[in-house]
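Coordinate analysis (summary)
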Amino acid sequence: VPRGALSHKHLYKKILSNERWRAEAYYVSRFASRGLSFDLIRTNMKRLPSSVPAAHRMCVFRFLMNELPTSHRRRFMSDGSAADCPFCAMQGADKISHWESCAVLKAAFAIVYDHDQAAKIISFHVLFLQVGLTSQELQQVCASIHAIWRCRCAITLGFSFDSVNDLAMHIKNISDDPWIHGCCPDLTRKER
């Protein structure tokens, strides 16, 4: 690099800062088209503790940007109908908006967390970060979205859970450690 010229790292940083307004405008319009506030999402995402695993962060980002590819979201690519809820088998209810009212998910989360906390975590406004949340609540929401999605995918692939308690145990394991089940949840990020 010639003397006085920007290094690649500084040049890349400059490019990113110059393009920030364009990216923000895209996110604002993308979320607004779905009735979501970008400002609330950004504020909450900034509060995420650095200890939140990358798997949870990626899952939440996909969830917020596009929702997750449930059969309801993909129904335009197939025969036009949504599948039944993988948890409670309600007809045509394989969609994110059903999670809040799904009796099986409510029961499983009531086992993992206390009843009031469980109801709060899987509410629509909390899942889509449309209310101000503390860093601990954000951590629980990220872990919950990831755990629900992983369990839903396992069921759609043909696996089943023996009971609501079994589902709750899997939700807890996935929430505690998204990569390796059974890992101690009190390990530091470096130790994980």
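Residues numbered from 1 in each chain as written. Predicted model: local features only at pLDDT ≥ 70, side-chain atom pairs only at ≥ 80, totals over all residues. Heavy atoms only, no water.

Here we look at unusual backbone geometry
Among all residues save glycine, negative phi is the norm, and among peptide bonds the norm is trans. The phi dihedral of A89 is positive, around 65 degrees, even though this residue is not glycine. Inspection of the secondary structure assignment puts A89 in the loop between α3 (54-66) and α4 (103-112). Residue classification places A89 among the exposed positions, given a relative accessible area of 53%. (Helix = DSSP H or I, 4+ residues; strand = E, 2+ residues; numbered from the N terminus. Buried < 20%, exposed > 50% of the residue type's maximum accessible area, 1.4 Å probe, protein only.)

Brief notes about the nonpolar core
Within the largest apolar cluster, 43 residues are counted, with the highest numbers of intra-cluster contacts made by F63, F87, W99, L105 and F109. Of all the secondary-structure elements, those providing two or more residues to this core are α2 (38-46), α3, α4, α5 (115-121), α6 (124-127), α7 (135-156) and α8 (164-176). Contact partners of W99, with chain neighbours within four places excluded, come to F63, L68, L105, I122, L127, I148 and W149. (Core = buried A, V, L, I, M, F, W, Y, C linked by side-chain atoms within 4.5 Å. Contact = heavy atoms within 4.5 Å.)

Some remarks on the packing of α3 against α7
Where α3 contacts α7, the axes come no closer than 8 Å and their chain directions differ by 80 degrees. Taken together, α3 and α7 sit at an angle that is classed as roughly perpendicular. Seen from α3, the contacting residues are A55, H56, C59, V60 and F63; seen from α7, they are C142, A143, I145, H146 and W149. Each residue belonging to the contact of α3 with α7 can be placed in one class, and the counts come to eight nonpolar, two polar and no charged. (Axes fitted to C-alpha atoms, helices over the stretch in contact; angles between N-to-C directions. Parallel < 35°, antiparallel > 145°, perpendicular 65-115°, else oblique. Nonpolar A, V, L, I, M, F, W, Y, C, P; charged D, E, K, R; others polar.)

Looking at α3
Taking 1.5 Å of rise per residue, 13 residues should cover 18 Å, and α3 covers 18 Å from first to last C-alpha, within 8% of that figure. Of the residues making up α3, those classed as buried are A55, H56, C59, V60, F63, L64 and M65. In this structure, the buried side of α3 is in contact with α1 (8-32), α2, α6, α7 and α8. Trailing α3 by a residue or two, E67 shows a phi angle of about 65 degrees, which is positive. (Expected span 1.5 Å × (residues − 1).)

Quick look at the environment of Q117
Tracing the sequence through the fold places Q117 in helix α5. Sequence separation between Q117 and E137 is 20 residues; the distance between their C-alpha atoms is 9.4 Å. Here the side chain of Q117 touches Q140 through a polar contact of 2.8 Å, side chain to side chain. (Polar contact = N/O pair within 3.5 Å; in protein donor to acceptor, adjacent residues only side chain to side chain.)

Some points on the packing of aromatic side chains
Taken as a whole, this structure holds nine aromatic pairs when the rule is applied. Ring centres of Y27 and F61 lie 6.4 Å apart, and the angle between their planes is 90 degrees; this geometry places the pair in the edge-to-face category. With Y27 in helix α1 and F61 in helix α3, the pair connects residues that are 34 residues apart, well separated along the chain. Here Y27 falls in the partly exposed class, since its relative accessible area comes to 25%. (Phe/Tyr/Trp six-rings, centres within 6.5 Å; stacked < 30°, edge-to-face > 60°.)

Description of the pattern of salt bridges
Enumeration according to the criterion identifies seven salt bridges in this entry. Its salt-bridge partner being E137, residue K120 comes within 2.7 Å of it at the nearest N-O pair. With K120 in helix α5 and E137 in helix α7, this pair connects stretches of sequence that are 17 residues apart. The salt bridge partner of K172 is D176, with a shortest N-O separation of 3.1 Å. Of the two residues, K172 and D176 both sit in helix α8, four residues apart, roughly one turn of that helix. Each member of the salt-bridge network shares a partner with another, and the members are R20, E24, D39 and R42. (Salt bridge = Lys/Arg side-chain N within 4 Å of Asp/Glu carboxyl O.)

Describing the confidence of the model for the protein chain
Summary statistics for the protein chain give a mean pLDDT of 81 and a share of 84% for residues scoring 70 or more. Within the protein chain, no element has a lower average pLDDT than α3, which sits at 80, and none a higher one than α4, at 92. Predicted confidence is poor over residues 181-185, with pLDDT under 50, and the contacts of this stretch with residues over four places away or in other chains come to five contacts. (pLDDT = per-residue confidence, 0-100.)

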